[in-house]
Amino acid sequence: MASDNSVTSELRLLLSLIGEAVNIAERYISLPREDKRAVEQPNDPELRTSICTIEAACAQLCSLVARPDDILANKFFAVSHPNARTIPPASLHAFQFYEPACLQVALSNKVPDILQESPSGVSISELGRRTGVDEGKLGRILRLLAAKHVFQEVGPGTFVNNHLSRHLVSDNRLFNLGLGITGECFKAASSLSDTLNDPAMTASTSPLDSAFSKHFDCNSQFFDCYAGSSTEHESRASDFNDGMIAWSSVVEANAVVFDFPWNKLPAGTIVCDVGGGVGDISVQLAKCYPTLHLILYDLPKQVEDAEKRFWPKHCPEAITEHRIEFIPLDFFKECPRKHSDIYFMKNILHDWSDGDCIKILKNVEKAMGPSSRLLVHEIDEFVIRPGYRVLEEEAKIAQAPVPLLSNFGEGRIRQHTMDINMMVIFNSRERTIEDFIYLGKAAGLEFVKLWETGEMGLVEFVQLRQCEGAASS
Ligand SMILES: C[S@@+](CC[C@H](N)C(=O)[O-])C[C@H]1O[C@@H](n2cnc3c(N)ncnc32)[C@H](O)[C@@H]1O
């Protein structure tokens, strides 16, 4: 493995390996395009080696160029490659689901923490002793992960952290994200087909009929799992919050702090962060725009975690200057503060069915005044785009270059994996801009604008009444 300062030369080497291997493969694979799926490739060792080289080099190239959190987040979902910058050779392999299964073993035993203590490497017998996991089995698990560019085996049965696994130590929030996705989500996903094949559950939109609820046989929905007061509930709540923050960083959600004109809002503008979790985005707003007055709303456990743990650590000045209020609220039953200037909702609606979203939105609409705005932060411009091609002049969104699938296929697979994750955990879905406009209308809201903010988007609404008033005045 090259050292950090020779990454560019490693990239160049990989690129030339790919070039040489493509030259070899071209000599063998000369079938007409339409035959390529039924390809009968010559059984030649030179060709086999060149194909292996292309796959291995592409995977290694991707692991070097994309952001570590981006790559790791996709590995948690067993997606081999993160976005349009990458090529997905490993997706051709069977048994991909063992990657997150193995990551769960490594994370739940804090293997990255142990490796971090010793840059020259830790033997599997030492790892076995420290974790209590059978050393032979653990070694095989780490070997699979090393082959996928997480960890590195530097000698027989001796492992070190590499440029990816060092981001998985337990004080990094990616650890919490990884633990959640490769744990609960992964286990719940195994019940997806049972849920969809059950005639009593298949068409249900209740969160109680999700694969998550079925798998854990809990007759409760995901958010109930941390609503209790036991230590276990509390640690689940704070792990979930840390995981959400890591996810925000993966999708660069904080672009909203700079891509929306918060700086043009008058001093004293009231911003309600509804279902704000611990208030990751609100903290950033409080730091960048000290004239805003913020109110964080969520379930009691979340608000308590925000007030006692998160804000005192990340933005104590907002507390002492009374620029932030922490208010427990059930958004199905209560409205946030009346006539606030901005109601901000990030990653809320994708947790719920259309019917539930309309209930939540109606409670916000009831609180809104004539000059209030609602900002829904979650749509992604690539969500649920079909792979077929339309005429360029009819394409609403730029299509990938031929011969790629028009939606970049696996290159932008995360939008689809996230959609399925919503189905598995909440029995809900990701939505298109048209879906949001429909939901808004049903709740008495008028669509104003879609703001592009990094990988996410911000859908702005005002009260329908206000638009009608303005139109008639
Ligand atoms: C996916 S998280 C999003 C958190 C935060 N907005 C973010 O993007 O990091 C959904 C949030 O909705 C909150 N939530 C769930 N049910 C709720 C309810 N009935 N009332 C208020 N908040 C709720 C959860 O506690 C959680 O913090």
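Treat the numbers as computed from the prediction; the structure is a model and nothing was measured.

Criteria and thresholds
Residues numbered from 1 in each chain as written. Predicted model: local features only at pLDDT ≥ 70, side-chain atom pairs only at ≥ 80, totals over all residues. Heavy atoms only, no water. Helix = DSSP H or I, 4+ residues; strand = E, 2+ residues; numbered from the N terminus. Polar contact = N/O pair within 3.5 Å; in protein donor to acceptor, adjacent residues only side chain to side chain. Pairing = 2+ DSSP bridges. Axes fitted to C-alpha atoms, helices over the stretch in contact; angles between N-to-C directions. pLDDT = per-residue confidence, 0-100. Contact = heavy atoms within 4.5 Å. Salt bridge = Lys/Arg side-chain N within 4 Å of Asp/Glu carboxyl O. Buried < 20%, exposed > 50% of the residue type's maximum accessible area, 1.4 Å probe, protein only. Core = buried A, V, L, I, M, F, W, Y, C linked by side-chain atoms within 4.5 Å. Phe/Tyr/Trp six-rings, centres within 6.5 Å; stacked < 30°, edge-to-face > 60°. Lys NZ or Arg CZ within 6 Å of the ring centre and 35° of its normal.

**Q** Sorry, what's going on with the side chain of His163 here?
**A** Relative to the elements of secondary structure, His163 occurs in the loop between strand E3 (158-160) and helix H8 (173-189). Within the structure, the side chain of His163 is placed 3.0 Å from the backbone oxygen of Ser63, a separation counted as a polar contact.

**Q** Whenever I open this one, the pairing of strand E9 (residues 445-453) confuses me. Can you help?
**A** Regular strands place their side chains on alternate faces of the sheet. Relative to strand E10 (residues 456-463), E9 runs antiparallel, the two sharing eight bridges. Residue Thr453 lies in a different strand from E10, and its bridge partner there is Met456. What sits between E9 and E10 in their antiparallel hairpin is a turn of two residues, with Gly454 showing a positive phi close to 60°.

**Q** Can you help me understand the sheet that holds strand E7 (residues 342-346) in this one?
**A** In sheet architecture, strand pairing relies on hydrogen bonds along the backbone and comes in two forms, parallel and antiparallel. Pairing is mixed in the open sheet, where seven strands are placed in the order E6-E5-E4-E7-E8-E10-E9. Both outer strands of the open sheet, strand E6 (324-328) and E9, are each paired with one neighbouring strand and no more. Shown here is a sheet whose adjacent strand axes are inclined to one another by a mean of 20°, direction ignored.

**Q** Is there a simple way to think about the confidence of the model for the protein chain in this case?
**A** A low pLDDT score tells you not to read the predicted coordinates there in detail. Overall, the predicted model of the protein chain reaches an average pLDDT of 87, with 88% of residues at or above 70. Throughout residues 80-92 the model reports pLDDT below 50, and contacts reaching past four residues in sequence, or to other chains, amount to 38 contacts.

**Q** Can you help me understand the pattern of salt bridges in this one?
**A** For side chains bearing opposite charge, pairing can occur when the charged atoms are close. Counted under the stated rule, the structure contains 22 salt bridges. Note that Arg173 and Asp242 form a salt bridge whose closest N and O atoms lie 3.5 Å from each other. Of this pair, Arg173 sits in helix H8 while Asp242 sits in helix H11 (residues 231-250), and the two are 69 residues apart along the sequence. The exposure class of Asp242 is buried, given its relative accessible area of 11%. Where Asp330 meets Lys333, a salt bridge forms, and the shortest distance between an N and an O atom there is 3.6 Å. The network of salt bridges with shared partners includes Glu117, Glu126, Arg129 and Arg130.

**Q** Explanation requested: the nonpolar core in the structure shown.
**A** The biggest cluster of nonpolar side chains holds 77 residues, and the ones touching the most others in it are Phe76, Leu142, Leu145, Leu177, Met345 and Leu374. Look past the residues within four positions of Leu374 in its chain and what remains in contact with it is Tyr343, Met345, Leu361, Val364, Met368, Leu445, Val459, Glu460 and Phe461. Among the nonpolar cores identified, the runner-up in size contains 29 residues, and Ile245, Leu285, Leu294 and Trp311 belong to it.

**Q** Explanation requested: the packing of aromatic side chains in the structure shown.
**A** Geometry of an aromatic ring pair is reported as the spacing of the ring centres plus the angle between the planes. Per the stated rule, a full pass over the model turns up 19 aromatic pairs. A ring pair is formed by Phe97 and Tyr98, whose centres lie 4.4 Å apart and whose planes are at 50°; its orientation type is tilted. Owing to a relative accessible area of 41%, Tyr98 belongs among the partly exposed residues under this scheme. Their ring planes at 55° and their centres at 5.1 Å tell us that Phe212 and Phe216 sit as a pair that is tilted. Of the two residues, Phe212 and Phe216 are both situated in helix H10 (residues 211-216); the distance of four residues between them amounts to about one turn of the helix. If you follow Lys449 out to its NZ or CZ, it ends over the ring of Trp451, 3.8 Å from the centre.

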